[in-house]
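Summary of structural features
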Amino acid sequence: MSSQLQFDEATHVYSVRGAVKPSVTKIISDLKLAPPYPEDDPKGLKPFGTACHKAAELRMWDRLGDCDSRIQPYIDGLDEKIREMRIRPIKTELRMYHPELDVAGTLDLYCEVYGGELAVIDYKTGVPPPCVELQLAGYADMLVTTMAGEYEAVRHSMIRRFSMQLTPGRALVRECPNRAFDHHAWRAAVTLWKWQNDRRK
């Protein structure tokens, strides 16, 4: 984390001391590695994915209370995975900045799973695209850098990465394989993004 990092909710823009910083998702999208995400609102909530994310965040800390009936089935599925994976949250909606790469982002969930293994989890309400592996590699990279003082033993190889698709009654969890390769691919994506943007100046 960085005390200088600012985030504008309305524009979804990150900045450090007034300078705008690219996000993990922006880099992946600009490189055409992510599919388009139209405003899909299957249950009449706008935006539906944002509402599910917020409910999941509150549920992790047992602060959800009464839940919208259209979202509750998705939380029921999450509850099942919390029990099955023995998820213990450490941080949620964690905003981070990587000073070396000059990139920012927000991680859905940093937690312990299966009795003490460190993990990062990204929630999706749609089918997770392959680029989620790069996205989570980016978050793990920032986590290792920004949390080093608090968790000195943390290394890339220690952090398991999962996408969690929230569906009614069941959460579908997929673990990202090939951690080392994804880490190098993520850093290469950042370099390529910067190269492209520098050539546009």
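Residues numbered from 1 in each chain as written. Predicted model: local features only at pLDDT ≥ 70, side-chain atom pairs only at ≥ 80, totals over all residues. Heavy atoms only, no water.

Description of helix α3 (residues 72-85)
Put simply, the rule reads: Strands are runs of DSSP state E lasting at least two residues, helices are runs of H or I lasting at least four, and both sets are numbered from the N terminus onward. To estimate how far a helix should extend, the number of its residues minus one is multiplied by 1.5 Å. Think of it in three bands: with a 1.4 Å probe and only protein chains considered, a residue is buried below 20% of the maximum accessible area for its type, exposed above 50%, and partly exposed in between. Residue contacts are counted whenever heavy atoms from the two residues lie within 4.5 Å of one another.
Helix length check: α3 (14 residues) gives 20 Å between terminal C-alpha atoms against 20 Å at 1.5 Å per residue, within 8%. Of all the residues in α3, the buried ones are Tyr 74, Ile 75, Gly 77, Leu 78, Asp 79, Lys 81, Ile 82 and Met 85. Buried positions along α3 lie against α2 (48-60), β5 (103-113), β6 (117-124), β7 (160-167) and β8 (170-175).

Focus on the pairing of β6
Rule in force here: Each pair of strands is called paired provided DSSP finds at least two bridges between the two strands.
For β6, the buried fraction is high: 7 of the 8 residues fall into the buried class. As defined by bridge partners, β5 adjoins β6 across 5 bridges and the pair is classed as antiparallel. Paired with Leu 109 across the two strands is Ile 121, which belongs to β6. Linking β5 to β6, which pair antiparallel, is a turn of 3 residues; within it Tyr 114 sits at a positive phi near 50°.

Re the packing of aromatic side chains
Test applied: Only the six-membered ring of Trp is used, alongside the rings of Phe and Tyr, when aromatic pairs are assigned; centres must lie within 6.5 Å, and planes under 30 degrees apart are stacked while those over 60 apart are edge-to-face, with the rest tilted.
The tally for this structure, following the rule as stated, stands at 2 aromatic pairs. When the ring of Phe 7 is compared with that of Tyr 14, the centres are 4.6 Å apart and the planes differ by 45°; the resulting orientation is tilted. Owing to a relative accessible area of 18%, Phe 7 belongs among the buried residues under this scheme. You can call Tyr 14 buried: its relative accessible area is 3%. Each ring, one from Phe 48 and one from Tyr 74, has its centre 5.0 Å from the other, and the planes form 70°; the classification is edge-to-face. Of this pair, Phe 48 sits in helix α2 while Tyr 74 sits in helix α3; the two residues are 26 residues apart in sequence, bridging distant segments of the chain.

Let's talk about the environment of Met 85
Mapped onto the elements, Met 85 comes out in helix α3. Exposure remark for Met 85: the relative accessible area of 1% places this residue in the buried category. Considered as a pair, Met 85 and Glu 112 are 27 residues apart in the sequence and their alpha carbons are 9.0 Å apart. The residues touching Met 85, leaving out its near neighbours within four places in the chain, are Val 113, Tyr 114, Phe 162, Met 164 and Val 173.

Some points on the sheet that holds β5
Applied cut-off: Structural elements are reduced to axes, namely lines fitted to C-alpha atoms, with helices fitted over the stretch in contact, and the angle between N-to-C directions of any two is expressed from 0 to 180 degrees.
Read across the sheet, 5 strands follow the order β4-β5-β6-β7-β8 without closing on themselves; strand pairing throughout is mixed. Edge strands, defined here as strands with exactly one partner in the open sheet, are β4 (88-98) and β8. On average, each strand axis in the sheet is inclined to that of its neighbour by 35°, with strand direction left out of account. Pairing geometry for β6 and β7, over 6 bridges, is parallel. Looking across to β7, one finds that Asp 122 is bridged to Ser 163. Across the sheet, α3 lies against β5, β6, β7 and β8, angled at about 150° from β7, the strand it touches most.

Note that all results are geometric; they support no functional claim without further evidence.
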